[in-house]
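Each chain is listed here by its residues.
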Amino acid sequence: MKTKENVNNSKFNFFQSKGIIFLLVFLMIILLSIFILIFFNKDKQTSNKKNSPKTTTDYSIEKVVCYSSCYGVNKEETQARWNLDLSQYTDIAIYLNLQNDVNSLFVDNITFSNIEENTFHLMSLPIEDFGKTPSGNISVEPLEKIELSNDSPITLRYLNQNFKEDCVITDIETPLVFDGSLLKRGKVTLSSLKNTVSFTLHLIDSSGKEFTYPIQIPINLENKETGETIYSGNYMEENFLTNAYFYILGNYTNR
């Protein structure tokens, strides 16, 4: 005859067994979930590695030097004022580390972070003209591709042309100097000239293989730590790059 105590013990053993089974099932679900997460993460990482472009140590960028200044075209000069169209430029020198001969270099995919204006240009610049102020307005057309000479450094000019037209300067007793000091005299804030130019640098070596490197260059006109600004006449920055190796694309085909 079953006593009440035996019945209670049976119930306890029953629920205890169910609890153990439930716990084991719960642990198995957790372990299975962890296994699935690990498996898919490894698979994703493997897939990303396969899809990621490979780099080469044969070609890399060592440093980028930027020289910024300003110039103006005098439209009107009277005894009381000057009337100028102001332009700001940043000359860019990209120093390359080339282990093999290079047949050609070019840039494309040219974009600017500031999309509110249409006064921005990127153009090829002869190395002998680096840092030299243009004598006047130059004719500039938007370019999708810029062929470069096989030099190191390669040089480009970022130009914000005629960003401020009819800039009137009335303190004519002070001589007019056509450099970055025009920005201060024309009451141009440096924050209004902020921009970043981006492009892809392509390299074709002597075997016909193509390599690329995407570049973003901020147009900096001041150093808040040192207090240096383009207002003093010009502003220069030198940035050294680490492990800036070109990506391997394969055999080059004209686009």
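## Considerations on unusual backbone geometry
Alright, step 1. Its identity is not glycine, yet Asn 109 carries a phi of approximately 55°, on the positive side.
Alright, step 2. Tracing the sequence through the fold places Asn 109 in strand S3 (residues 102-112).
Alright, step 3. In the Ramachandran plot, Lys 187 falls in the positive-phi region, its phi being about 55° despite a non-glycine side chain.
Alright, step 4. By secondary structure assignment, the location of Lys 187 is in the loop between helix H2 (181-185) and strand S7 (196-205).
Alright, step 5. Judged by its relative accessible area of 73%, Lys 187 is exposed.

## Examining the environment of Ile 219
Alright, step 1. As for its placement among the helices and strands, Ile 219 is situated in the loop between strand S8 (209-218) and strand S9 (222-223).
Alright, step 2. Expressed as a C-alpha distance, the spacing of Ile 219 and Thr 196, which sit 23 residues apart in the sequence, is 5.6 Å.

## Let's talk about the pairing of strand S6 (residues 154-169)
Consecutive side chains of a regular strand alternate in pointing toward one face of the sheet and then the other.
Alright, step 1. One ladder, built from eleven bridges, connects strand S2 (residues 82-98) with S6; its direction is antiparallel. Residue pairing for S6: Thr 90 is matched across the bridge by Tyr 158.
Alright, step 2. One ladder, built from five bridges, connects strand S4 (residues 120-124) with S6; its direction is antiparallel. What sits directly across from Met 123, in S6, is Arg 157.

## Some points on the packing of aromatic side chains
Alright, step 1. Here the structure, examined in full by the defined rule, presents eight aromatic pairs.
Alright, step 2. Look at Phe 112 and Phe 120: their rings are 5.7 Å apart centre to centre, the planes differ by 40°, and that puts the pair in the tilted class. Like Phe 112, the residue Phe 120 is buried in the burial classification.
Alright, step 3. Taken together, a centroid distance of 6.4 Å and an interplanar angle of 20° make the contact between Tyr 213 and Tyr 247 stacked. Pair noted here: Tyr 213 is in strand S8 and Tyr 247 is in strand S12 (residues 245-251), with a separation of 34 residues, a long-range link.
Alright, step 4. On the basis of relative accessibility, which here comes to 17%, the residue Tyr 213 falls in the buried class.
Alright, step 5. Each member of the aromatic cluster is reached from another via a ring pair, and the members are Phe 112, Phe 120 and Tyr 158.
Alright, step 6. The side chain of Lys 63 reaches across the aromatic face of Tyr 95, ending 4.7 Å from its centre.

## Focus on the pattern of salt bridges
Side chains that carry opposite charge are capable of pairing whenever their charged atoms lie near each other.
Alright, step 1. Per the counting criterion, the structure on display carries six salt bridges.
Alright, step 2. Here Lys 75 makes a salt bridge to Asp 85, at a shortest N to O gap of 3.6 Å. Taken together, the residues span a long stretch of sequence, with Lys 75 in strand S1 (residues 55-77) and Asp 85 in strand S2 at a distance of ten residues.
Alright, step 3. Taking relative accessible area as the criterion, Asp 85 reaches 8% and is therefore assigned buried.
Alright, step 4. Because the salt bridges share partners, they merge into one network encompassing Lys 75, Asp 85 and Asp 166.

So, how was this worked out
Residues numbered from 1 in each chain as written. Predicted model: local features only at pLDDT ≥ 70, side-chain atom pairs only at ≥ 80, totals over all residues. Heavy atoms only, no water. Helix = DSSP H or I, 4+ residues; strand = E, 2+ residues; numbered from the N terminus. Buried < 20%, exposed > 50% of the residue type's maximum accessible area, 1.4 Å probe, protein only. Pairing = 2+ DSSP bridges. Phe/Tyr/Trp six-rings, centres within 6.5 Å; stacked < 30°, edge-to-face > 60°. Lys NZ or Arg CZ within 6 Å of the ring centre and 35° of its normal. Salt bridge = Lys/Arg side-chain N within 4 Å of Asp/Glu carboxyl O.

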